[in-house]
Amino acid sequence: TDARVKYTKMVLKKALLELMQHKPVNKITVKEICERAELNRATFYAHYSDCFDLLESIEEDLLEAFQQSLKLVDSFDVTALIEAIYTMIERQQEACHVLIFQNVCPNVLRRMISLARDESIAYWKRHMHHITEAELEMLYTHLSNGLMRVVVEGYEKYSREEVVRFVNRIVQCSLSQFQ
């Protein structure tokens, strides 16, 4: 993709995110996005079919960034995982603020949790031999949802170190029950 296309998509995404801070996507028009981005409607439609298509593209960018951050974690190292999540949030700050912290798109969090599921369960399965498949599923559901809620609700409330320390303690306690 050439630089002009990247720039165009970037300003359209930025415009939608700015508008979503004030109203839901279903109340935003292509005209409003184009005015904010200082682009014409033909340019918008050259890249996206409607506002929801643009939002989906933003969500996909965010999920891709999250997936890339997961690749930095070798195993279920909670400290590395939290650091990766914080780094992803910092790099995708505006999208995270609107889509996750304002809870505009709760599906994004569910999809993020789903991305880490198989690898985490496979890792635990190799290290915890006396745990059933059902227990692995429930453990993952419990820890992943809890971890993400702590990060989301504690992001601006607690320091990164406090979050890492707390989550580490909870994960260690939970995992020790099955070892």
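Right above here is the structure, for reference.
Residue numbering note: each chain is counted from 1, following its sequence as written. A pLDDT threshold of at least 70 governs which residues receive local features in this predicted model, and a stricter bar of 80 or more applies before side-chain atom pairs are shown or counted, although totals over entire chains, interfaces and linings include all residues. Excluding hydrogens and water, the side-chain figures rest on all heavy atoms present in the structure.

A. How the structure looks around the overall build of the protein. Numbering of helices and strands runs from the N terminus; a helix is a DSSP stretch of H or I covering at least four residues, while a strand is a stretch of E covering at least two. Counting its secondary structure elements, the protein contains nine helices and zero strands. Starting at the N terminus and walking to the C terminus, you meet the elements of the protein as α-α-α-α-α-α-α-α-α. Only protein chains enter the area calculation, which uses a 1.4 Å probe; residues under 20% of their type maximum are buried, those over 50% are exposed, and those in between are partly exposed. Taking all 179 residues of the protein together, the buried fraction comes to 41%. Note that accessible areas follow from Shrake-Rupley with a 1.4 Å probe, and for residues the cover is restricted to the protein chains shown. Looking at the protein as shown, the accessible area adds up to about 10,400 Å², and 50% of this sits on carbon and sulfur atoms. On the protein, the mean spot of the 22 positive side-chain charges and the mean spot of the 26 negative ones are 3 Å from each other. Neither His nor the chain ends is counted toward charge; the positive residues are Lys and Arg and the negative residues Asp and Glu. Where a charge sits is defined by one atom per residue type, namely NZ (Lys), CZ (Arg), CG (Asp) or CD (Glu).

B. Summary view of the pattern of salt bridges. Whenever Lys or Arg places a side-chain nitrogen within 4 Å of a carboxyl oxygen from Asp or Glu, that contact is recorded as a salt bridge. Using the criterion set out here, one finds 15 salt bridges in the structure. Residue Arg4 pairs with Asp2 through a salt bridge whose shortest N-O separation is 3.4 Å. Exposure remark for Arg4: the relative accessible area of 65% places this residue in the exposed category. Overlapping salt bridges bring together Lys14, Glu18, Arg36 and Glu94 as one network.

C. The arrangement of helix α1 (residues 3-20) in detail. Here α1 contains 18 residues, and its C-alpha end-to-end distance of 26 Å stays within 8% of the 26 Å for a straight helix at 1.5 Å per residue. Only heavy atoms enter the contact rule, under which two residues are in contact if any of them lie within 4.5 Å. Of the surrounding elements, those touching the buried residues of α1 are α2 (30-37), α3 (41-47), α4 (51-70) and α6 (93-101). If you check the start of α1, you find a side-chain oxygen 3.0 Å away from the backbone N of Arg4, and it comes from Asp2. Each helix should span, by expectation, one fewer than its residue count multiplied by 1.5 Å. Whenever a nitrogen or oxygen atom comes within 3.5 Å of another N or O atom, the pair is scored as a polar contact, on the condition that within protein one atom can donate a hydrogen and the other can accept it, and that pairs from neighbouring residues in sequence are kept only if both atoms are in side chains.

D. Geometry of the packing of α4 against helix α5 (residues 78-91). Direction vectors running N to C along α4 and α5 enclose 150 degrees, while the axes themselves pass 9 Å from each other. Regarding the angle of α4 to α5, the classification is roughly antiparallel. α4 and α5 meet at a crossing whose hand is right-handed. From α4, Leu62, Ala65, Phe66, Ser69 and Leu70 reach across to α5, where they touch Leu81, Ala84, Ile85 and Met88. With axes taken as lines fitted to C-alpha atoms, and helix axes fitted only over the stretch in contact, angles between N-to-C directions fall between 0 and 180 degrees. Just so you know how the angles are binned, under 35 degrees is roughly parallel, over 145 roughly antiparallel, 65 to 115 roughly perpendicular, and the rest oblique. Handedness of a helix crossing follows the sense of rotation of the near helix relative to the far helix, less than a right angle counterclockwise being left-handed and clockwise being right-handed.

E. Spatial organisation of the layout of surface pockets. Throughout, the protein atoms alone are placed on a 1 Å grid, and a set of points is a cavity if a 1.4 Å probe fits but cannot get out or a pocket if it is open with protein on both sides within 12 Å along at least five of seven lines; lining residues have an atom within 4 Å of a point. Grid points are joined across faces, edges and corners, and a volume is the space filled by probe spheres set on the points. Space inside the second largest pocket adds up to approximately 250 Å³. Lining the second largest pocket, in full, are Met10, Lys13, Lys14, Leu17, Ile58, Asp61, Arg91, Gln92, Gln93, Glu94 and Ala95. Secondary-structure elements contributing two or more residues to the lining of the second largest pocket are α1, α4 and α6. Ranked by residues supplied to the lining of the second largest pocket, first place goes to α1 with four residues. Ten residue types, Ala, Val, Leu, Ile, Met, Phe, Trp, Tyr, Cys and Pro, are classed as nonpolar, four, Asp, Glu, Lys and Arg, as charged, and the remainder, Gly among them, as polar. For the lining of the second largest pocket, the class distribution of residues is four nonpolar, two polar and five charged.

F. Local environment of the side chain of Lys13. Mapped onto the elements, Lys13 comes out in helix α1. Of note is the side chain of Lys13, whose polar atom sits 2.4 Å from the side chain of Asp61.

G. Spotlight on unusual backbone geometry. With a phi close to 60 degrees, Glu38 is a non-glycine residue in the positive phi region. Residue position: Glu38 is located in the loop between α2 and α3.

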